[in-house]
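The primary structure of each chain is shown beneath.
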2 protein chains.
Amino acid sequence: MDSGVKKPGVTSSEVARRAGVSQSAVSRTFTPGASIAPKTRAKVLAAAKELGYRPNAIARSLITNRSRIIAVVMAYLENLFYPDVLEELGRLLAKEDYRLLLFTGFMDRDSDPVFDQLMQYRVDGIVLASTSLSSELSEECAAAGIPVVLFNRTTERDAVSSVTTRNHEGGRRIAEFLVAGGHKRFGYISGLESSSTNRDRFGGYQEALAAAGHTDIIIEVGNYDRAEAETAARKMLSRPDRPDAIFVANDHMAVAVMDIARHELGLSIPEDLSIVGYDDVGPARWTSYGITSMSQPLKRMVEATVAILMDQIASGEIEAEHRILNGELVVRTSAKMPKAGVVELDGRRIYRPGRG
Amino acid sequence: MDSGVKKPGVTSSEVARRAGVSQSAVSRTFTPGASIAPKTRAKVLAAAKELGYRPNAIARSLITNRSRIIAVVMAYLENLFYPDVLEELGRLLAKEDYRLLLFTGFMDRDSDPVFDQLMQYRVDGIVLASTSLSSELSEECAAAGIPVVLFNRTTERDAVSSVTTRNHEGGRRIAEFLVAGGHKRFGYISGLESSSTNRDRFGGYQEALAAAGHTDIIIEVGNYDRAEAETAARKMLSRPDRPDAIFVANDHMAVAVMDIARHELGLSIPEDLSIVGYDDVGPARWTSYGITSMSQPLKRMVEATVAILMDQIASGEIEAEHRILNGELVVRTSAKMPKAGVVELDGRRIYRPGRG
DNA sequence: CAGACTATTGCATACGTATGCATAATTGGA
DNA sequence: TCCAATTATGCATACGTATGCAATAGTCTG
């Protein structure tokens, strides 16, 4: 038996009338730092509570030209790394009194329709996780004064801010670890070939393997997708000259590869095959997998992301900033251990060759 | 060298001037179904493109009293079930031209601060996943004409809409399955004890076990949390009279329980111990786990959720609607198979006792 | 070609809030 | 106690869009 349409909601003018003050006084009551007498403030708050008043953020945004909304674009959530990122982002943004508008389900392609939506809602900032941005669009953002941060991606032109880890170094480290483990034939299951993370990780891997005299790497494409990684693993592991060590470009795929290796092909890990992954995400820590993996310091990455956004929003200066963080190779049971270089740190085993 | 503040953005009046028409004409051009001549429309679109105009959704919301934003509150994303839900929700809402404002990181407690935020942004609807709502708040929503849907939860008073599966029946089915599998001692690792899902699942389990003459169930609390589930498993499985069958209230915990059972306590699954979970979420399907699990038809649940929201937004009638969907017991390798009742369906093995 | 419509258009206003400015109230000091 | 300095307050307006209403242009019928 409702009126059939959304109720208008209590306005500041109604509260003002009730409290016997002006609408301005109500506004100032809810504006931190505004000039308002404690007595009036109390009257207003009382009236507001009686009427169930809440400031209309939409109307406020219209006049302040700030929505206090950050748009987050994530290609997919299947890989637990991203939900983790999302949760942490939500936490930190909430702390800064920002809301999170989520856009998902759009694969790596530059996503124009999504972009239109963002811009229409006049978001105060944009986080692009596992997605890139065409140069026109990023220029448009800059022109509009909207900060953009690429999370776990970079573009060649350094025009847009980014937060990443040392992927190249990570690839190197993994190669050194596997070489030190005595492996002879090396495989790589790649992520999205167009992504900077994939290029860098593979680049470092290849470089360090070459330095150790291994120039032939068996490569299959997994595109950061579980199903494709399974296919890639089947193909790679049924070769007569199958590798005895595989670097899988992220843990999400590494899990799939381990399942195929063990349960479909009957291989023992790490006896027959060593697997190293990337991200150090949840399932990597589950004892069924225990994946040796390059960690990405998720919390610090998110912190950096939010810091960049807040800085640029506050200053209005949109100049690309690049934060590159360090990861560690967390050693577990999915790969043979080298004779030396594995140290204990904060209760984790870390590979730190050549130091102590 | 930027101006130090967010640019105002192109307005409809600017476009109007450029196109030589009134602001109304611009508005009508971007309002589907409005009365506008094709010729003028073309002029406006041309001018809009030249200036890079995008309608300001904030200003539009102010006047239409519709934000086209749906708030989604999720307690935690650690359980992959919820990211999956989120992704599907995002997809369907986008199809209906709605955006998704995400609130996360607030555990099951009725979350008033979050609620304030929602209301301030005048969201057109609210989805509460794995979270409940105090009666005052739900009444406030109803009064404001804002539809609310509880996803995978219900309240005792049926005042607020909900989408669930037959949890009670699911618990029964699991009990029947385990009894048919020849088990003698039964355990239960519970979810959040305050949640309706937990109550219902356990209720059905207990009831059906009692009907089969088993009245003593060993219970530990897992609170839908991985770490707590691990502790619970350790405790339960180190008892001298440890169960030979455990129903774990969801797959997220079941994974942890299996890890503990196998790798910490050296038990073989399902030889020494049968495990059944709930949700049929990603990791349950990974061959390392292969969890026998009651499925929740995620896509249909999300469809129902969006349908309820759209209905109520369109009609303005906020009357509680309850959609209860069916799941299936998907049989994998984590529990002993009964002699009969397991059938093949759509490439999955399903437990359907007493029928064919 | 006139008359009766219908399809377009512009004008003016409203949405709910924030804020510069001028005025009123208060405070503090001597 | 009185004046100056400070703090509170209200008025009026602006933010960018949608929309009822009246006016105009366009179309069709006979």
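Residues numbered from 1 in each chain as written. Chains lettered and ligands numbered in written order. Predicted model: local features only at pLDDT ≥ 70, side-chain atom pairs only at ≥ 80, totals over all residues. Heavy atoms only, no water.

Looking at an unreviewed UniProt entry, chain A carries the name LacI family transcriptional regulator, with the source organism given as Devosia riboflavina.

Regarding the relation of the copies chain A and chain B
Least-squares fitting of chain A to chain B yields an RMSD of 0.1 Å, with the transformation described by 0.1 Å of translation along the axis and a rotation of 180 degrees. Taken together, these values place the two copies in the relation of a two-fold axis. Rotation axis and chain A: the residue whose C-alpha lies nearest the axis is L101(A), separated from it by 2.3 Å. A symmetric contact is evident, with 100% of the interface residues of chain A recurring at the interface of chain B. (Least-squares fit on C-alpha atoms with pLDDT ≥ 70 in both. Contact = heavy atoms within 4.5 Å.)

Observations concerning the protein's contact with DNA strand C
The environment of DNA strand C is made up of 26 residues, and the closest members are S12(A), S27(A), R60(A), S24(B) and T40(B). Sugar and phosphate atoms form 55% of the subset of DNA strand C atoms that lie within 4 Å of the protein. One of the backbone N or O atoms of S12(A) is found 2.4 Å from a phosphate oxygen in DNA strand C. R28(B) is positioned such that a nitrogen or oxygen atom in its side chain is 2.7 Å from a base nitrogen of DNA strand C. For the surface near DNA strand C, the secondary-structure elements that each account for two or more residues are α2 (23-29) and α4 (57-64) of chain A together with α2 (23-29) and α4 (57-64) of chain B. (Near = heavy atom within 4 Å. Polar contact = N/O pair within 3.5 Å; in protein donor to acceptor, adjacent residues only side chain to side chain. Helix = DSSP H or I, 4+ residues; strand = E, 2+ residues; numbered from the N terminus.)

With respect to the interface of chain A and chain B
Contacts between chain A and chain B engage 66 residues on the former and 66 residues on the latter. In total, about 6000 Å² of surface goes out of reach between chain A and chain B, with carbon and sulfur atoms giving 52% of it. At the boundary of chain A and chain B, one finds four salt bridges. Listed by contribution, the elements that provide at least two residues to the side of chain A that touches chain B are α4, α5 (81-95), β2 (99-104), α6 (112-120), α7 (135-144) and α11 (251-264) of chain A. (Buried area = accessible area lost by both parts, 1.4 Å probe. Salt bridge = Lys/Arg side-chain N within 4 Å of Asp/Glu carboxyl O.)

Let's talk about the protein's contact with DNA strand D
Residues in close proximity to DNA strand D total 25 residues, the closest being R28(A), T40(A), S12(B), S27(B) and R60(B). Considering the 4 Å shell around the protein, atoms of DNA strand D inside it are sugar or phosphate in 54% of instances. For DNA strand D, a phosphate oxygen lies 3.1 Å from a polar atom in the backbone of N56(B). For the surface near DNA strand D, the secondary structure elements donating two or more residues are α2 and α4 of chain A together with α2 and α4 of chain B. The residue inventory of the surface near DNA strand D, partitioned by class, reads ten nonpolar, eleven polar and four charged. (Nonpolar A, V, L, I, M, F, W, Y, C, P; charged D, E, K, R; others polar.)

A short note on unusual backbone geometry
In this structure, the amide linkage connecting I269(A) to the following residue, P270(A), adopts the cis form with an omega of 10 degrees. Topologically, P270(A) is positioned in the loop between α11 and β9 (274-279). The phi dihedral of R122(B) falls on the positive side, at around 50 degrees, and the residue is not glycine. Notably, D346(B) is not glycine yet its phi reads approximately 55 degrees, a positive angle. Tracing the backbone shows D346(B) in the loop between β13 (342-345) and β14 (348-351). A relative accessible area of 73% places D346(B) in the exposed class. (Buried < 20%, exposed > 50% of the residue type's maximum accessible area, 1.4 Å probe, protein only.)

Looking at the environment of D116(A)
Relative to the assigned elements, D116(A) resides in helix α6. Distance in space between the C-alpha atoms of D116(A) and F81(A) is 27 Å, their sequence separation being 35 residues.

Topic: the packing of aromatic side chains
Summed over all chains, the structure comprises 22 aromatic pairs over all chains. Ring geometry for F247(B) versus Y278(B): centroids 6.2 Å apart, planes at 35 degrees, classification tilted. With F247(B) in strand β8 (residues 245-248) and Y278(B) in strand β9 (residues 274-279), this pair connects stretches of sequence that are 31 residues apart. With respect to class, F247(B) is no different from Y278(B); both count as buried. In this structure an aromatic cluster arises from ring pairing among Y188(A), F202(A), Y205(A), F247(A) and Y278(A). Stacked on the ring of Y98(A), the Lys or Arg R68(A) has its end atom at 4.3 Å from the ring centre. (Phe/Tyr/Trp six-rings, centres within 6.5 Å; stacked < 30°, edge-to-face > 60°. Lys NZ or Arg CZ within 6 Å of the ring centre and 35° of its normal.)

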